[in-house]
Amino acid sequence: MDVSHIFDDLNDAQREAVAAPPGPMIVLAGAGSGKTRVLTHRIAWLVEGYQISPLSILAVTFTNKAAREMRNRVERLLGVPLGAMMMGTFHGLCHRILRAHADEAGLPKTFEIIDSDDQYRLIRRVLKDMDLDEAYWPPKQLQWAINSHKEEGRRASDLPENGDFQHQTMKRVFEQYDKYCARSGLVDFAELLLRTLELFKNNEVLRAQYQARYQYVLVDEFQDTNSIQYQWLKLLAGERRNLFAVGDDDQSIYGWRGARVENLLNFERDYAGSKLIRLEQNYRSTSTILKAANAVIAHNSDRMGKELWTEGDEGEAIVLYGASNDLEEARYVVEHIENWLAAGNARDSIAILYRSNAQSRVFEEKLMQAGIPYRVYGGLRFFERAEIKDALAYMRLISNLNSDAAFERIINQPTRGIGNKTLEMIRAQARAQEQSLWLAARTLISAQSLPARAATAVSRFLDLIATMQSEIEGLELHEQADAVLARSGLLEHYKKEKGERAETRVENLEELINATRNYETEDEDDLDPLSSFIAHAALEAGEGQAAEWEECVQLMSLHSAKGLEFPLVFLTGLEEGLFPHQRSIDEPGKLEEERRLCYVGMTRAMQKLVISYAEIRRLHGREMYTQPSRFLAEIPPSLLHEERSYRLHSAPSYRQPSAAGHSGSAPDGLSLGGRVKHQKFGLGTVVTVEGAGEHARVLVNFEEVGSKWLVAAFANLQSA
DNA sequence: GAATGCGAAGGCAGG
DNA sequence: CTTCGCATTC
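Since we're looking at a predicted model, the values are computed, not measured. Sequence order as written defines the numbering, with residues in each chain counted from 1. Think of it this way: whatever chain is written first is A, whatever ligand is written first is 1, and the rest follow in order. Note on the predicted model: pLDDT of at least 70 is required for a residue's local features to be given, and 80 or more for side-chain atom pairs to be given and counted; whole-chain, interface and lining totals, by contrast, use all residues. Note that the side-chain values use all heavy atoms of the structure and ignore hydrogens as well as water.

Trainee: Just to check I follow, could you spell out the overall build of chain A for this structure?
Mentor: A count of helices and strands for chain A gives 27 helices and 21 strands. In chain A, which comprises 720 residues, the share counted as buried stands at 54%. The contacts in chain A between residues at least 6 apart in sequence include a share of 73% that link residues at least 24 apart. Of the roughly 32400 Å² of accessible surface on chain A, a fraction of 48% belongs to carbon and sulfur atoms. Numbering of helices and strands runs from the N terminus, with a helix taken as a DSSP run of H or I at least four residues long and a strand as a DSSP run of E at least two residues long. Between buried and exposed lies partly exposed: a residue is buried under 20% and exposed over 50% of the maximum accessible area for its type, with that area taken using a 1.4 Å probe on protein chains only. Residue contacts are defined here by distance: any two heavy atoms, one from each residue, within 4.5 Å place the two residues in contact. Throughout, the Shrake-Rupley method with a 1.4 Å probe supplies accessible areas, and for residues the shown protein chains are the sole cover considered.

In structure tokens:
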């Protein structure tokens, strides 16, 4: 048998990983070391070399995009379609399993997936029902807490009974929230995973069935798995222990989302005799870029150890640009882009990376002025837009009348004379009877307990939904969508609205019909097309903008850049407080994650890397003095070519991040993160410095009394 | 009940 | 600087 097409273009380490005998195995794959190649070739080798049926292989990824790409590449390698081979995201796979075994999992057949926005609304609803003040119980925090618990495999009933008041309340909200979900058949993202894990844990028959089916399990981006995902994988792999995990501890950047790098270390402990292979040869970047990235990441402790190298050229020095302010930073970046383009390079060879999405605006303005097409990743995705969510809510309600989230969203959208008062009565009824809003509304109408006007409006609405439900039955999916948009009055409502925004909304709605037309129901789904599409919309939020194939400069956050590569990369906003982010500075663990983020950013660059920072940055509508990021001082100076804006006030200070670098402008001795002592307030940390000289104000976070704004000239702060 | 205007609060990363 | 809830007015 000729298997040369599988092994020929692999290096030794890659070949060793691909050809390894079945059994537990970790591939520690550095950035640009051919991770996806190893995964795809491994699958090809299992199929051709070991004659494993593709149906016995399960490949798990984190994004739909990665799953699609893997499938395509394996198909190309093997030259045959993979058909029903299981490849997908954790969430997508769990969704399928739960659909197939809704009964066993204790879910209604028609359960629907809610995204984080729906979840947020729902939690606020619960808080209101429980008479809790949002000011004291921030819904965002509760949402975060609930999700974290679920990601660790804890349910409300697992929380201790005897915590303090805060924990007690948290527990109650959690309980109420889950009750609400159960009542309306809602499943959030974390629940999707937890439910499936519990199903496997508690149902031996089912577990055995899946273990028998998936004899080989492969995971991509293993460092991003959370606690239950890892348990899930272990359960599936079972006694056979054929778990092939690919990951990179240095690229673990989703700790805030529950990801556990420790899983990489636990793997070796849990699977005695497991094999570990390092891929350290990089095929992406110049040696200069790699040396710099290696130097930065070396400042982290708790690494599994890995150093990238390349046979490639040294390449150009990394440019480090110190700008006087954020506008100037953007000006420089755009100027640099113009030169690069003038040299004959393509626009899509360029990426501008930043820590937080808010930073994109300045770059957008300057690019627009220069007439350079660009594309911003992130931000509002297609299926997250208000008008699309409205349209989907109609579809959701039609396919599941008990969907309260959908009901609330559209009962008065477009306005049909049902106000808060009426809605509140329906809610009260629903709460009292523990039934869905739909049922509650019906009850109220038949009991004639609503005012005449409201009753007419509500029964009109109920009739509308019921009529639509019967009208669209049996139609093609896109005809259903079309009918829903027309009958609901949504399209008309947005058409009547004036302004540019309304126009894009109408366009988006039309795009939604296109999306339904192109949507192909997944093979093994036994759902009706409409429900299938709704689930698809929740699981895959879609691109930030409708696909424009014009060649564009790419703007994106560091997080969304993971897995991508560009000849020219701008790594911007390297300032203390921004990158590393303020909320990460005090905790060593979080700081290391920021450093990994920096490493991810640097290793995106193939030929040229430009790093920049600004001395003054406008943030949240305030001008702030900033200090160069500590990460800059971690790059060997010999690899850098420094350029600076002539307007800079002071000598470069990034070499000593802790020293007061702005003696000319910032008040003496006060630097961000510096420890100070105030006569009355005691010890504290400088959080923000604003203004200069006599007018300088500082925000100090005091240990005893919290944050206070002080005028530096009068505060008489001593450095401590 | 709907439209408009005001003040307070929140502000990171992503599926 | 924005968004969102709330109160006021129509």
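Trainee: Would you explain the protein's contact with DNA strand B in this entry?
Mentor: For each residue, the test is whether any non-hydrogen atom lies within 4 Å of the molecule or strand; if one does, the residue is near. Neighbouring DNA strand B are 23 residues, the closest being N357, R381, S557, R583 and H620. Atoms of DNA strand B within 4 Å of the protein: sugar and phosphate make up 49%, bases the balance. Here a polar contact is taken to be a pair of N or O atoms separated by no more than 3.5 Å, where protein atoms must pair a possible hydrogen donor with a possible acceptor and residues adjacent in sequence count only if both atoms sit in side chains. N357 places a polar main-chain atom, nitrogen or oxygen, 2.6 Å from a phosphate oxygen of DNA strand B. Within the backbone of G417, one N or O atom sits 3.0 Å away from a phosphate oxygen of DNA strand B. Contributions of two or more residues to the surface near DNA strand B are made by helix 18 (420–433) and helix 25 (558–561). Three classes are used, and their members are as follows: Ala, Val, Leu, Ile, Met, Phe, Trp, Tyr, Cys and Pro are nonpolar, Asp, Glu, Lys and Arg are charged, and the others, Gly among them, are polar. Across the surface near DNA strand B, the residue classes break down as five nonpolar, 12 polar and six charged.

Trainee: Explanation requested: the packing of aromatic side chains in the structure shown.
Mentor: By convention here, two paired aromatic rings are described through the distance between centres and the angle between planes. In summary, the pairing rule links any two rings of Phe, Tyr or Trp, Trp by its six-membered ring, whose centres are within 6.5 Å, and it sorts them by plane angle into stacked for under 30 degrees, edge-to-face for over 60 and tilted for everything else. As enumerated under the stated definition, the model contains 18 aromatic pairs in all. With 6.0 Å between their ring centres and 75 degrees between their planes, W45 and Y50 make a pair best called edge-to-face. A relative accessible area of 15% means that W45 is categorised as buried. The partly exposed category is assigned to Y50, whose relative accessible area is 33%. On the basis of an interplanar angle of 70 degrees and a centroid distance of 5.6 Å, the ring pair of F90 and W232 is categorised as edge-to-face. Within this pair, whereas F90 is found in helix 5 (residues 90–100), its partner W232 is found in helix 11 (residues 227–237), the two being separated by 142 residues in sequence. Owing to a relative accessible area of 2%, F90 belongs among the buried residues under this scheme. Given a relative accessible area of 2%, W232 falls into the buried group. Counting as a charge over the ring demands two things of the Lys NZ or Arg CZ atom: a distance within 6 Å of the ring centre and an angle within 35 degrees of the ring normal. Over the ring of Y377 we find R375, and its NZ or CZ is 4.6 Å from the ring centre.

Trainee: Looking at this structure, how should I read the environment of G49?
Mentor: Here G49 shows up in the loop between helix 3 (35–48) and strand 2 (57–61). Under the relative-accessibility criterion, G49 is labelled partly exposed at 27%. It is 9.7 Å that separates the C-alpha atoms of G49 and I6, two residues lying 43 residues apart in sequence.

Trainee: Sorry if this is basic, but what is going on with the environment of E623 here?
Mentor: The residue E623 is located in strand 15 (residues 622–625) in this model. Along the chain, E623 and N325 lie 298 residues apart, while their C-alpha atoms are 9.3 Å from each other.

Trainee: I tried to follow the sheet that holds strand 6 (residues 216–219) on my own but got confused; where do I start?
Mentor: By definition, the strands of a sheet pair up through backbone hydrogen bonds, in either a parallel or an antiparallel sense. When DSSP finds two or more bridges between two strands, those strands count as paired. In space, the six strands of this open sheet follow the order 3-2-6-7-1-8, with parallel pairing throughout. What marks the edges here is a single partner per strand, and that holds for strand 3 (86–89) and strand 8 (275–279). Direction aside, neighbouring strands of the sheet carry axes that sit 15 degrees apart on average. Interaxial angle, 0 to 180 degrees, is taken between N-to-C directions of lines fitted to C-alpha atoms, where a helix line uses only the stretch in contact. Strands strand 2, strand 6 and strand 7 (243–247) of the sheet are contacted by helix 11, whose axis makes an angle of about 175 degrees with strand 2.

Trainee: Is there a simple way to think about the domain arrangement of chain A in this case?
Mentor: How big an interface is tends to be expressed through the accessible area that disappears when the partners come together. On domain assignment, one finds that chain A holds domain 1 (4–98 + 207–281), domain 2 (112–184), domain 3 (291–381 + 544–657), domain 4 (391–518) and domain 5 (663–719). Delimitation of the domains relies on an automatic or database domain assignment. Measuring from the centre of the C-alpha atoms in domain 2 to the corresponding centre in domain 3 gives 37 Å.

Trainee: Just to check I follow, could you spell out the confidence of the model for chain A for this structure?
Mentor: Low pLDDT means the predicted coordinates in that region are not meant to be read closely. Values of pLDDT, which run from 0 to 100, indicate the predictor's confidence residue by residue. With 89% of its residues at a pLDDT of at least 70, chain A reaches an overall mean of 85. In the model of chain A, strand 20 (residues 706–711) stands out as the element of lowest mean pLDDT, 59, in contrast to strand 13 (residues 566–571), which has the highest, 96. Here residues 657–668 scores under 50 on pLDDT; set against residues more than four positions off or in separate chains, the count is 24 contacts.

Trainee: So what exactly am I meant to see when it comes to the environment of I465 here?
Mentor: Mapped onto the fold, I465 is located in helix 20 (residues 452–471). Contacts of I465, omitting those with residues within four sequence positions, involve Y394, L397, I398, L401, I410 and W438.

Trainee: In this structure, what is going on with the pattern of salt bridges? I would like to understand it.
Mentor: Between side chains of opposite charge, a pair can form when the charged atoms approach closely. We define a salt bridge as a contact between a side-chain nitrogen of Lys or Arg and a carboxyl oxygen of Asp or Glu at a distance within 4 Å. One pass over the full model with this rule turns up 49 salt bridges. The closest approach of N and O atoms between D118 and K389, which form a salt bridge, is 3.2 Å. Of this pair, D118 sits in helix 6 (residues 116–129) while K389 sits in helix 16 (residues 386–399); the two residues are 271 residues apart in sequence, bridging distant segments of the chain. Note on accessibility: D118 and K389 belong to one class, buried.

Trainee: Honestly, the nonpolar core in this entry has me stumped. Any pointers?
Mentor: One recurring pattern in soluble globular proteins: nonpolar side chains tend to sit buried together. What is meant by a nonpolar core is a set of buried Ala, Val, Leu, Ile, Met, Phe, Trp, Tyr and Cys residues, joined one to another through side-chain atoms within 4.5 Å. Ranked by internal contacts, the top residues of the largest apolar core, which has 48 residues, are F383, M395, F407, I426, F461, I465 and L512. Ranked by residues supplied to this core, first place goes to helix 16 with eight residues. Excluding residues that lie within four positions of it along the chain, M395 makes contacts with A481, V484, L512, L530 and I534. Counting 42 residues, the second-largest nonpolar core is a separate cluster that includes V60, L93, F111 and Y214.

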